[in-house]
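The residues making up each chain are set out below.
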Amino acid sequence: MSDFNLKQDDIIELSAEKLVNSGSAIARYEGKAVFIEGAVPGDTVKVRITRINKNFMRAKIIEIIKPSPHRIKPFCPLFNACGGCSLQNIECNFLIEQKQKILEEIFSPDNLYAFSGIYFKPFIRAEKLQNYRCKVQNAVSETKVSKRLLIGYYKENTHDTVNIKYCPIQPKIIDEIVNYIRENWKFGAYVEKKDKGLLKHLVIRYSSTSEKLILTFVINKDFEFFNKIKPELERFSDALIAKFPVISGVLVNFNPKKTNKITGDKTELLFGEPFIHQKLYSNNGIEYTYKVSAESFFQINPHVAQKVFDSVKSLIEPNSTILDAYGGVAAIGIFLSDKAKSLTLVEESESSVNDAKENFKLNNCKNYEVFLGDAKEIFKSFLKSSVASDAKKDRAAQKNKGKNQSKTFDYTILDPPRKGSDKEALEIISKLTKKAVIYVSCNPSTLARDAKILHENGFKLKSLQGADMFPFTHHIESIAYFEKE
């Protein structure tokens, strides 16, 4: 209970001090933290209290009394409706400063894990603030009466689809294709509340270098139903491609389950090729080419990704043995290939592994190995002299049978999902790595948790560098360098 007389729905005046990791601004009321959605540091605002907790409160703005000098007009007309770029109302240079301060605060000696002695490198900036997003996942629904298609992103903290006809952070051609589908799709859309209807999502993967793209229709049906409507879908696909020849492939993904997962496990190619080719360029002018399939992971902002990979590369000594854990399509691994005596990639996604193998060949890489399976189990196998032969007990061993499993590495590259890495996996990696672990993170909070585990296993966090992979959002990419003590 609160020790003062403030109640939920009360209205008070506050001054926003700084941003926090969630993207809210923080203010203070009688010493208690108040998180204000949509506020800019420097704002003086009138707010309504929406939640009172023992240690903090949450509030929403009802009036901006005095705007911050860093508050700007968002360039997106749907800023207040869409749940995407929620910090477009903050001037870019100031936002970078705030993100840097968030990193410094999370990894300060005074915080939960009591880090010390970290060198914070200059933040990696995004040169393109618009038209940078090369993978788009749009929700699809329809209006109740007219059954008109709604395609866009979910309104923040809801599953209500915001109908977006123009999104300034993605290439204009994607807007044009989505608008064509919105006007011409005649097969119905998914209604979540009723768990009925066909089209659930559109997933588009675009190459910023070839300017080609692949389009996936995610449907609320199985393969058997798809066969019944396949001729009609093919005719629609033909008309779409005739209108937009930049489309090099059309796919259908089957996701009949009521789930938060955007795609299901099975995908069928309807037309063309199920992949794009994306080029990245190092700061010394080397060109790398990547095949990226519809189901594989690749960074959505290639311009910033190549800067991040260059930063990782600068931390590695020549002629090193490298473990690329959670290696995906070998995006980072290939960037490091000219510094690698040998490179070992571990990945759980079969689609990504297939792409990785082709990408190593596309880029004329030598001395690499690729392992498909449960990452932690493969890491365990590296500690042993040989892989268990019983395939029923060890699926990872079966997929990688015959490879030399007894190994250690000079460097391990970690690029896990937002949830971070697994404690046991980090403990094993600590035993496998002789010099340093380089951790590429998209979530500072889980990075801090994992950094504590690595520290307990003999690796000290020496440097940290933020990157603006997702401009005008609260997301912070970072490169953490852990040196073996």
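Up top you'll find the structure we're talking about.
Just so it is clear, the model here is predicted, and its values are computed rather than measured. (Residues numbered from 1 in each chain as written. Predicted model: local features only at pLDDT ≥ 70, side-chain atom pairs only at ≥ 80, totals over all residues. Heavy atoms only, no water.)

## Digging into the packing of aromatic side chains
Taken as a whole and judged by the stated rule, the model has 20 aromatic pairs. Ring geometry for F217 against F236: centres 6.1 Å apart, planes inclined by 65°, an arrangement best described as edge-to-face. In this pair, F217 is assigned in strand β12 (residues 213-219) and F236 in helix α3 (residues 223-243), connecting sequence segments 19 residues apart. Neither F217 nor F236 differs from the other in exposure class; each is buried. For the ring pair F223 and F226, a centre distance of 5.8 Å and an interplane angle of 40° mean the geometry is tilted. (Phe/Tyr/Trp six-rings, centres within 6.5 Å; stacked < 30°, edge-to-face > 60°. Helix = DSSP H or I, 4+ residues; strand = E, 2+ residues; numbered from the N terminus. Buried < 20%, exposed > 50% of the residue type's maximum accessible area, 1.4 Å probe, protein only.)

## Remarks on the side chain of T289
Along the polypeptide, T289 turns up in strand β16 (residues 287-293). Taking the relative accessible area as the measure of exposure, T289 reaches 14% and is therefore buried. Among the polar contacts made by the side chain of T289, one reaches the side chain of K279 at a distance of 3.1 Å. Excluding residues that lie within four positions of it along the chain, T289 makes contacts with H277, Q278, K279, N359, L362 and N363. (Polar contact = N/O pair within 3.5 Å; in protein donor to acceptor, adjacent residues only side chain to side chain. Contact = heavy atoms within 4.5 Å.)

## A word on unusual backbone geometry
Phi is positive for Y326, close to 55°, though the residue is something other than glycine. Inspection of the secondary structure puts Y326 in the loop between β17 (320-325) and α5 (331-335).

## Quick notes on the sheet that holds strand β8 (residues 135-142)
In a beta sheet, neighbouring strands are held together by backbone hydrogen bonds and run either parallel or antiparallel to one another. Taken together, seven strands build an open sheet; the order of strands is β10-β9-β8-β11-β12-β13-β14 and the sheet is mixed. Only two strands of the sheet have a single neighbouring strand rather than two, namely β10 (161-163) and β14 (266-272). Averaged over all neighbouring strand pairs, the angle between strand axes comes to 35°, with direction disregarded. Both β12 and strand β13 (residues 247-254) contribute to a ladder of seven bridges, which runs parallel. The residue of β13 that forms the bridge with T216 is L251. Relative to β14, α3 is tilted by about 35°, and along the sheet it contacts β12, β13 and β14. (Pairing = 2+ DSSP bridges. Axes fitted to C-alpha atoms, helices over the stretch in contact; angles between N-to-C directions.)

## A short note on the sheet that holds strand β1 (residues 11-15)
If you trace the six strands from one edge of the open sheet to the other, you get β1-β5-β6-β4-β3-β2, paired in mixed fashion. Two strands bound the open sheet, and with one partner strand each, they are β1 and β2 (18-19). Here strand β5 (residues 44-52) runs beside strand β6 (residues 56-66); their pairing, made up of eight bridges, is antiparallel. Looking across to β6, one finds that R51 is bridged to R58.

## Here we look at the nonpolar core
Nonpolar side chains tend to gather and get buried jointly when the protein is soluble and globular. Core analysis: the largest hydrophobic core is formed by 101 residues, its most contacted members being F107, I181, F217, L240, F379 and F482. Among the elements that make up this core, the one with the highest residue count is helix α1 (residues 92-106) (seven residues). If we skip the residues at most four places from it in the chain, I181 touches L149, I151, L202, L215, F217, F236 and L240. Counting residues in hydrophobic clusters, the runner-up holds 46 residues, among them A126, F298, L345 and A356. (Core = buried A, V, L, I, M, F, W, Y, C linked by side-chain atoms within 4.5 Å.)

## Focus on the pairing of strand β3 (residues 25-29)
Relative to β3, β2 runs antiparallel, the two sharing two bridges. When the bridges of β3 are listed, K18 appears paired with I26. Note: β3 against strand β4 (residues 32-37), five bridges, orientation antiparallel. Among the inter-strand pairings, Y29 is bridged to a residue of β4, identified as K32. Connecting the antiparallel pair β3 and β4 is a turn made up of two residues, with E30 showing a positive phi of about 50°.

In short, geometric facts, not functional conclusions.
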